[in-house]
Amino acid sequence: MAHGTAVVSKVLSKEELCLLEKVAEPCGIVIFGASGDLAHRKLIPSLFQLAKDGVLPRDYYVLGVARTALTDEAFRGKVEEDLRNQADTGLKADFIKRCVYLSGDYGDPKLYQSLDGRLSALDEAHGIHDRHLYYLSTPPQLYEAIAGHLGQAGLAKPRAQGWIRIVIEKPFGRDLASAEALNRSLHEVFREDQIYRIDHYLGKETVQNILMFRFANAVYEPLWNQKYIDHVQITAAETVGVEHRAGYYDQSGALRDMFQNHLFQLLSLVAMEPPSSMEADAMRDEKTKVLHSLRPIGPDEYSRLAVRAQYASGGLNGDPQPAYRSEEGVRPGSTTETFAALRVEVDNWRWRGVPFYLRSGKRLAKRVTEVVVQFKPVPTSVFKPLMADQLTPNILRFRIQPDEGISFGFEAKHPGPKLCLSSVTMNFNYQDAFGVGQPEAYARLFQDVMLGDQTLFSRNDWLNQSWSFLNPLLDYWAEEKQTGLAFYPAGSWGPREADELLTQEDRTWLTK
Ligand SMILES: NC(=O)c1ccc[n+]([C@@H]2O[C@H](COP(=O)([O-])OP(=O)(O)OC[C@H]3O[C@@H](n4cnc5c(N)ncnc54)[C@H](OP(=O)(O)O)[C@@H]3O)[C@@H](O)[C@H]2O)c1
């Protein structure tokens with residue numbers, strides 16, 4: 001995000017800014033957990049996308065590290081498989097040739113001695129001067145150990161002309177205490193400016209566009225407050241169930257998996273004040289202030305303002321779907337929530353009294369992520385006998401996925417002599433406007449790490465604040481266990497209780 005703005009001291013035209021070269025310096029990319037699902041499904045294809053876009057450094061290599069014993073050749077075979085949908089070109093062959101592998105036990109110091117030797121040899125072969133990106137794509141319980149060993153082996157301190165950066169996958173802790181402990185461990189070895197806590201939602205174009213929409217246009221910002229906005233809804237709905245991730249998900253649940261990171265990031269972007277610049281810390285300062293302003297929810301309010309639920313059996317698009325508790329790998333009688341909804345308030349001058357309704361769940365009726373901003377109704381109707389409350393309020397919709405775009409709903413008159421009004425929509429669609437699909441969020445984030453831009457990564461104080469807000473609720477739900485857990489049929493829009501969160505205030509969910 002800060003490209004161009006952070007590095008440029010003179011004024012540029014929009015066209016010049018678009019043409020700014022964003023190529024990082026030569027570096028080595030080290031992926032821990034290189035034999036895993038994320039590495040093969042997202043990380044390797046994203047790196048190749050960057051190679052195709054011409055934004056990988058002039059020279060680079062990709063060193064995969066994992067326990068599984070593989071030769072360089074066998075690892076390259078896997079990389080080739082990951083890129084099977086890509087045409088066989090010289091670029092692809094070159095990319096695959098740059099992929100190498102090192103196996104070992106993450107807890108064994110010998111792995112890091114071997115890593116040191118391998119990095120030196122690769123750096124020399126590629127003319128790279130001590131610039132290394134470590135991507136931790138392992139199970140989270142290994143993050144602290146890997147970071148610690150990197151420190152002990154002298155692989156965390158940048159040397160004279162180089163840099164060392166570490167990317168940490170989600171989940172970042174499972175509560176405030178574990179997130180703080182992980183931060184402490186990382187800070188023993190890495191400075192904060194070396195740490196990139198990834199939230200792939202921030203790599204999505206549509207999420208970044210919330211900022212462009214708000215701060216590069218003059219029309220909406222004067223209305224962006226409690227005087228004109230009635231409420232905000234944020235929905236992240238998935239049709240998939242727990243899939244192959246039951247081991248992780250059953251210990252986690254929707255609040256940890258979706259709210260603490262993705263939904264709170266969206267909330268922060270919608271509610272933040274204009275930053276002084278698009279530089280990483282200016283942006284992250286404002287986002288963190290939003291979380292500091294959240295009105296704490298007390299235990300006596302949980303049953304009114306927070307909903308948790310789990311999917312029962314049901315059907316989706318005509319196919320029967322099993323209950324969560326019958327999914328492979330889920331503990332029998334599990335009380336883990338696969339759906340959560342929250343009503344929160346940002347208690348500051350801009351937002352006092354404006355409810356933000358957040359919901360996310362698995363096995364819902366539709367895959368859709370949206371932020372919906374509903375404006376206040378007109379103060380009175382000049383179209384009597386129609387009354388003001390019969391006119392549909394303006395609705396601004398940020399469609400994060402799918403059908404990426406932004407739309408604005410307003411009232412319009414039907415043609416003809418009658419006084420007949422209905423809601424119509426002005427629509428911006430990414431695909432139509434720019435003629436390109438959505439780039440992979442991981443590609444953008446990889447590029448930013450190589451460029452040293454932390455704007456789209458979570459800072460430790462934002463993360464701590466996010467956990468601080470949710471931790472009491474997590475504790476309460478953990479104690480409450482069976483009671484208070486609602487159920488919803490797979491393929492529905494969630495439990496009745498989530499609808500009541502809004503209907504008790506004469507509102508309804510607008511994402512359907
Ligand atoms: N997959 C996704 O879509 C996704 C999305 C968001 C976040 N993440 C996060 O990204 C990280 C990697 O995800 P993933 O799905 O790729 O994980 P994964 O496939 O379960 O694990 C990655 C690699 O870590 C190693 N590993 C697994 N269990 C281990 C253990 N108990 N001890 C030591 N090594 C072990 C395995 O390699 P070896 O056995 O060869 O060492 C495995 O290939 C996780 O933290 C996950 O939460 C994943």
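Since we're looking at a predicted model, the values are computed, not measured.

Student: Could you give an account of the confidence of the model for the protein chain, with specific residues and numbers?
Tutor: The predicted model of the protein chain has a mean per-residue pLDDT of 93, with 97% of residues at 70 or higher. In this model, residues 1-8 is a region of pLDDT below 50 whose contacts with residues beyond four sequence positions or in other chains number 24 contacts.

Student: Tell me about the domain arrangement of the protein chain, and name the residues and values.
Tutor: Assigned domains of the protein chain: these are domain 1 (27-169) and domain 2 (202-434 + 458-503). For domain 1 and domain 2, the distance between their C-alpha centroids amounts to 36 Å.

Student: Provide a residue-level description of the site of the ligand, including the pertinent values.
Tutor: Ser35, Asp37, Arg41, Arg67 and Thr68 are the nearest of the 20 residues found near the ligand. For the ligand, the accessible surface in isolation is 870 Å², of which the surrounding protein chains cover 74%. With three residues, the single largest contributor to the shell around the ligand is helix α2 (residues 37-52).

Student: How would you sum up the state of the cysteines? Please name residues and give values.
Tutor: Enumeration over the complete set of coordinates arrives at zero disulfides. Among the cysteines around Cys99, which has no disulfide bond, Cys27 carries the closest sulfur, lying 13 Å off.

Student: If you had to explain unusual backbone geometry to someone new, which residues and values would you point to?
Tutor: A negative phi holds for most residues other than glycine; trans holds for most peptide bonds. Between Lys170 and Pro171 the backbone carries a cis peptide bond, its omega angle lying at 5 degrees. Within the secondary structure, Pro171 is located in the loop between β5 (163-168) and α7 (176-189). Of note, the bond from Gln401 into Pro402 is cis; its omega dihedral lies within 30 degrees of zero at -15 degrees. With respect to the element layout, Pro402 can be found in the loop between β14 (395-401) and β15 (405-413). Unlike most non-glycine residues, Glu243 shows phi in positive territory, near 50 degrees. For Glu243, the location among the structural elements is in the loop between β7 (229-237) and α9 (246-249).

Student: Go over the pattern of salt bridges with me, naming the residues and quoting the values.
Tutor: All told, the structure shown has 37 salt bridges when counted by the stated rule. Of the charged contacts, one joins Asp403 and Arg399 as a salt bridge, the two residues approaching to 3.3 Å between their closest N and O atoms. Owing to a relative accessible area of 8%, Arg399 belongs among the buried residues under this scheme. The network of salt bridges with shared partners includes Asp230, Arg343, Glu345, Glu505 and Arg507.

Student: So what about the sheet that holds strand β16 (residues 421-429)? Which residues, and what values?
Tutor: The nine strands are arranged β16-β15-β14-β13-β7-β12-β11-β8-β17 in an open sheet whose pairing can be described as mixed. The open sheet has two edge strands with one neighbour each: β16 and β17 (485-489). Each neighbouring strand pair of the sheet contributes to a mean axis angle of 20 degrees, computed without reference to strand direction. Two strands pair when backbone bridges link them, and strand β13 (residues 368-375) and β14 are joined in this way by six bridges, in the antiparallel orientation.

Student: For the environment of Ser13, give the residues involved together with the corresponding values.
Tutor: Examined against the element boundaries, Ser13 turns out to sit in the segment before α1 (14-19). Remark: the alpha-carbon pair of Ser13 and Tyr442, spanning 429 residues in sequence, is separated by 28 Å.

Student: I'd like a rundown of helix α8 (residues 205-215), residues and numbers included.
Tutor: Most of α8 is tucked away: eight of the eleven residues are buried. Along α8, the residues that are buried comprise Thr206, Val207, Gln208, Asn209, Ile210, Leu211, Phe213 and Arg214.

Student: Talk me through the nonpolar core; I want residue IDs and the actual numbers.
Tutor: The biggest cluster of nonpolar side chains holds 151 residues, and the ones touching the most others in it are Phe32, Phe95, Leu115 and Phe356. Broken down by element, this core gets its largest block of residues, eleven residues, from helix α10 (residues 254-271). Among the domains, domain 1 (27-169) and domain 2 (202-434 + 458-503) are the pair contributing at least three residues each to this core. Excluding residues that lie within four positions of it along the chain, Phe95 makes contacts with Ile44, Leu47, Phe48, Ala51, Leu56, Tyr60, Val79 and Leu83.

Student: Go over a nonpolar patch on the surface with me, naming the residues and quoting the values.
Tutor: On the surface, a nonpolar cluster with roughly 300 Å² of combined accessible area is contributed by Val382, Phe383 and Leu419. Following the sequence through the fold, Val382 ends up in the loop between β13 and β14.

Student: Lay out the packing of helix α3 (residues 72-82) against helix α4 (residues 90-97) with the relevant residues and their values.
Tutor: Relative orientation of the contacting elements α3 and α4 amounts to 140 degrees, with a least axis distance of 9 Å. In this view, α3 runs oblique relative to α4, as classed from their interaxial angle. For the pair α3 and α4, the sense of crossing is right-handed. Of the residues in α4, those touching α3 at Arg76, Val79 and Glu80 are Phe95, Ile96 and Lys97. Along the lines of polarity and charge, the residues of the contact of α3 with α4 split into three nonpolar, no polar and three charged.

Quick notes on the rules
- One numbering rule holds for all chains: residues counted from 1, following each sequence as written.
- For a predicted model such as this one, the threshold for reporting local features is a pLDDT of at least 70, and the threshold for listing and counting side-chain atom pairs is 80 or more; totals across whole chains, interfaces and linings nevertheless cover every residue.
- Hydrogens and waters are ignored; side-chain quantities use all the structure's heavy atoms.
- A score between 0 and 100, pLDDT records how confident the predictor is in each residue.
- Any two residues whose heavy atoms approach within 4.5 Å are treated as being in contact.
- Residue ranges assigned to each domain were obtained from an automatic or database domain assignment.
- Whether a residue is near a molecule or strand is decided by its heavy atoms; if any one of them lies within 4 Å of it, the residue is near.
- Note on areas: these come from Shrake-Rupley sampling with a 1.4 Å probe, and a residue is covered only by the protein chains present in the view.
- Every helix listed is a DSSP run of H or I at least four residues long, and every strand listed is a run of E at least two residues long, numbered separately from the N terminus.
- Note on terminology: disulfide denotes any pair of cysteine sulfur atoms within 2.5 Å.
- Definition used for salt bridges: Asp or Glu carboxyl oxygen within 4 Å of a side-chain nitrogen of Lys or Arg.
- Exposure is judged per residue with a 1.4 Å probe applied to protein chains only, and the accessible area is read against the type maximum: over 50% gives exposed, under 20% gives buried, and values in between give partly exposed.
- At least two bridges found by DSSP between two strands is the condition for calling them paired.
- Every axis in this analysis is a line fitted to C-alpha atoms, fitted for helices over the stretch in contact. Angles between the N-to-C directions lie between 0 and 180 degrees.
- To define a nonpolar core, start from buried Ala, Val, Leu, Ile, Met, Phe, Trp, Tyr and Cys residues and group those joined through side-chain atoms within 4.5 Å.
- Patch members must show over 30% relative accessible area and no salt bridge, and they are joined within 9 Å when carrying like charges or within 5 Å when they are nonpolar side chains of Val, Leu, Ile, Met, Phe, Trp or Tyr.
- Orientation labels follow simple angle bins: below 35 degrees gives roughly parallel, above 145 gives roughly antiparallel, 65 to 115 gives roughly perpendicular, and whatever is left gives oblique.
- Whether a crossing is left-handed or right-handed is set by the direction in which the near helix is turned from the far one by less than a right angle, anticlockwise for left-handed and clockwise for right-handed.
- Under the convention adopted here, Pro, Cys and the residues Ala, Val, Leu, Ile, Met, Phe, Trp and Tyr are nonpolar, Asp, Glu, Lys and Arg are charged, and Gly plus all remaining residues are polar.

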